[in-house]
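For reference, the chains in residue letters:
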Amino acid sequence: MGAIRFDNVGKVFGRANSGFAALEAVDLDIREREFVAIVGPSGCGKTTCLRMVAGFESVSSGRVLVNDRVVKAPGSDRAVVFQQFALFPWKTVRQNIEFGLRNKRTPRDERNELVDDVLKLMTLESHRDAYPHQLSGGMQQRVAIARAYVLDPDVLLMDEPFGALDAQTRVVMQEELVRLARINPRTVLFITHAVEEAVYLADRVAIMSRRPGTIKEVIDVKTVRTSEDWDGFEKIEDVMDLESFVHLRTRIWKSLREEKVAVDG
Amino acid sequence: MEERPLYLTSTLLYGFAGLVVFFGVWFVLPTTGLVPVQFLPSPITVAERVATLTTNRFAGATLPAHIAYSFTRFISGFALAALIGIPLGLLMGWFRIVDEIAGPIFDGLRFIAPIAWVPFAALWFGTGIGGPIMIIFAGAFPPCVINAYRGARQVDPRLIEAAEMLGTSDMRMMTNILLPASVPSIVAGLRVAAGLGWQSLVGAELIVASTGVGFMMVQAQANVATSTVMSGMVAIGIVGLLIDIILRWGEAAIRRRRGLNA
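About the cut-offs
- Residues numbered from 1 in each chain as written.
- Chains lettered and ligands numbered in written order.
- Predicted model: local features only at pLDDT ≥ 70, side-chain atom pairs only at ≥ 80, totals over all residues.
- Domains from an automatic or database assignment.
- Helix = DSSP H or I, 4+ residues; strand = E, 2+ residues; numbered from the N terminus.
- UniProt positions renumbered as here; feature names shortened; annotations may be inferred.
- Buried ≥ 20, exposed ≤ 12 C-beta atoms within 10 Å, placed from the backbone.
- Pairing = 2+ DSSP bridges.
- Contact = placed C-beta atoms within 7 Å.
- Expected span 1.5 Å × (residues − 1).
- Arc of directions from axis to C-beta.
- Axes fitted to C-alpha atoms, helices over the stretch in contact; angles between N-to-C directions.
- Parallel < 35°, antiparallel > 145°, perpendicular 65-115°, else oblique.
- Left-handed = near helix turned anticlockwise from the far one by under 90°.
- Nonpolar A, V, L, I, M, F, W, Y, C, P; charged D, E, K, R; others polar.

### Some remarks on the domain arrangement of chain A
Residue and element names in this part refer to chain A.
So, step 1. The assigned domain composition of chain A is domain 1 (4-77 + 155-264) and domain 2 (88-152).
So, step 2. Of note, the centres of domain 1 and domain 2, computed from C-alpha atoms alone, are 26 Å apart.
So, step 3. When residues in the side of domain 1 that touches domain 2 are grouped by element, the largest group, three residues, is from helix α5 (residues 167-183).

Structural data, given as structure tokens:
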């Protein structure tokens, strides 16, 4: 469950012939339970890719498929974690997390159990009755992740989820996400402009070109991660020190640099 | 932050000065004979009249009883306006089709002053409780609809997307997302609705009622009992102010709970 497929996807904003082309011929296959990060220069349309999988945005040409079905509308099989958290400010942490389960009419006992589990998993138990505005940014994003995770979605879509967090919190959240991915692996599409983050988290990193965006290169991280045993390290900085990590990071950097130079020139 | 107490003090001071001048002029004009007392009774005469009316009947009831009649009508019409207007506003805000169907009708009707409904109110509902309620409804309904509609349209689109990806049905979208997100706008609308409703009520009672503060005032006017007319005005002002204070307090409480500045 959870394969994502971009099949020759194009996106034009505005009118079909006079609008501007945001995406062109995007092809990408994400396997079940694979963690793929998309990196690219700003404005390249990477967020648009995610929004099309979520069902927030239509495609202008081609197809986006999840589990071999064309995406038509948003749904709880594809949970989204937003950069700006998008928690419901009038609901407590607990109410935010259980909202999706209530939509699904999950019986109360089961619902409470699921919510308690995810509160524990995300170490949010002591904040269960707090309102979002009473929490730090990192805590709010934990709630947003818990809200997505509790639905046991086929696909987790993360749109620069740590972009609004400070550097320290960001690192903690990245480690947390790796921990979650080990406990409960699932298909993740992760959008970021931070190359280190992409290399640290993803099985594969897809590099997008500048607008009109297309997938210019897909880099395999998993093989290196496994052979060099990155998962054996507890801390992100230890992994980031490894030669294998630096090598991959530099390679992606160079590829992105070409795009930036092209934009500036 | 240190300037705040000073600012508060001067605000109170100016407010107090304004009241002193207001009552001063009001007191001086009739007592010096500049204006005949039957045209403008002094504040003291009015205060005495208010006190008398709390126990003595005029136009069939004491002043508190008239206020109670008026207030019952007000609450009925206001509640009806909120109960119908808020859901309609949210529906118009969420479903484009509802907006397109109801929008033009509503936009046309809302410019008809509540008091213009008096002939129909009298014709359809009579002078009992129904007529005045319809007129209050006519006053209070538009702000309820408009503010619920605006509130629904201005919900952060990210919250709507978040709800959509959580599999929210249209019904739950309105009750759990649009409604709570619009509460600040709706409460602001309720304040306007209460003001308009309360004003329309008294206007309506002048014409289509046999009890209530407005009715009392018409009867007093017929008897050239100006101090009684003014007692009614005082009652209207005070009750209106109390309604607004309660709603403002509710608005502030909601904003505090949301972590917004009160």
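Continuing now.
### Overview of the UniProt feature "transmembrane region" (unreviewed entry) in chain B
Residue and element names in this part refer to chain B.
So, step 1. As annotated by UniProt and renumbered to match this structure, "transmembrane region" (unreviewed entry) occupies residues 12-29, 74-97, 109-127, 173-194 and 224-247.
So, step 2. The straight-line gap between the two end C-alpha atoms of residues 74-97 is 32 Å; of that span, 96% is helix and 0% is strand.
So, step 3. Helix makes up 92% of residues 224-247 and strand 0%, whereas the separation of the span's terminal C-alpha atoms amounts to 36 Å.

### What to know about the pairing of strand β6 (residues 78-81) of chain A
Residue and element names in this part refer to chain A.
So, step 1. Side chains of β6 alternate between two faces, with R78 and V80 and A79 and V81 buried alike.
So, step 2. Sheet topology places β6 next to strand β7 (residues 155-159); four bridges connect them, and they run parallel. The residue of β7 that forms the bridge with V80 is L157.

### Overview of the interface of chain B and chain A
So, step 1. Listed per partner, the contact involves 14 residues of chain B and 20 residues of chain A.
So, step 2. When contributions to the side of chain B that touches chain A are tallied by element, the ones reaching two or more residues are α7 (157-165) and α8 (170-207) of chain B.
So, step 3. At six residues, the largest contribution of residues to the side of chain B that touches chain A is made by α7(B).

### Examining the UniProt feature "domain: ABC transmembrane type-1" (unreviewed entry) in chain B
So, step 1. If you check UniProt for "domain: ABC transmembrane type-1" (unreviewed entry), the listed places come out as residues 67-247 of chain B in our numbering.
So, step 2. As annotated, residues 67-247 of chain B comprises 85% helix and 0% strand, and the C-alpha atoms at either end are separated by 19 Å.

### Quick notes on the sheet that holds strand β4 (residues 61-66) of chain A
Strand pairing within a sheet occurs via backbone hydrogen bonds; the two strands may be parallel or antiparallel.
All names here are of chain A.
So, step 1. What the four strands build is an open sheet, ordered β2-β1-β4-β5; its pairing is antiparallel. Pairing within the sheet leaves two strands with one partner each, and these edge strands are β2 (20-30) and β5 (69-70).
So, step 2. Two strands pair when backbone bridges link them, and strand β1 (residues 4-13) and β2 are joined in this way by seven bridges, in the antiparallel orientation. Considered in β2, the bridge of F6 is made with L28.

### Quick word on helix α2 (residues 43-55) of chain B
Residue and element names in this part refer to chain B.
So, step 1. Taking 1.5 Å per residue as the helical rise, α2 with its 13 residues ought to reach 18 Å, and the 19 Å between its terminal C-alpha atoms agrees with that figure.
So, step 2. V46, R49 and L53 are the residues of α2 that are buried. Seen along its axis, α2 keeps its buried residues to an arc of 60°; they face one direction. Across α2 from its buried face, at more than 90 degrees, point the exposed residues A51, T54 and T55.
So, step 3. Turning to α2, the residues buried within the fold contact α3 (63-94) and α10 (226-258).

### Some remarks on the packing of helix α9 (residues 213-222) of chain B against α10(B)
Residues and elements named next belong to chain B.
So, step 1. In contact at an axis separation of 8 Å, α9 and α10 are set at 160° when each is read in the N-to-C sense. In terms of orientation, α9 and α10 fall into the roughly antiparallel class. In the crossing of α9 with α10, the sense of the turn from one axis to the other is left-handed. Here V213, M216, M217, A220 and Q221 of α9 come into contact with α10, specifically with T228, V229, G232, A235 and I236.
So, step 2. Grouping the amino acids of the contact of α9 with α10 by side-chain chemistry returns seven nonpolar, three polar and no charged.

### Description of the packing of α8(B) against α10(B)
Residue and element names in this part refer to chain B.
So, step 1. As a packed pair, α8 and α10 sit with axes 10 Å apart at the nearest point and diverge in direction by 175°. With respect to their mutual orientation, α8 and α10 come out roughly antiparallel. Contacts between α8 and α10 involve V183, P184, V187, A188, L190, R191, A194, G195, W198 and V202 from the first element and I236, G240, I243, D244, L247, R248, G250, E251, I254 and R255 from the second.
So, step 2. Grouping the amino acids of the contact of α8 with α10 by side-chain chemistry returns 12 nonpolar, three polar and five charged.

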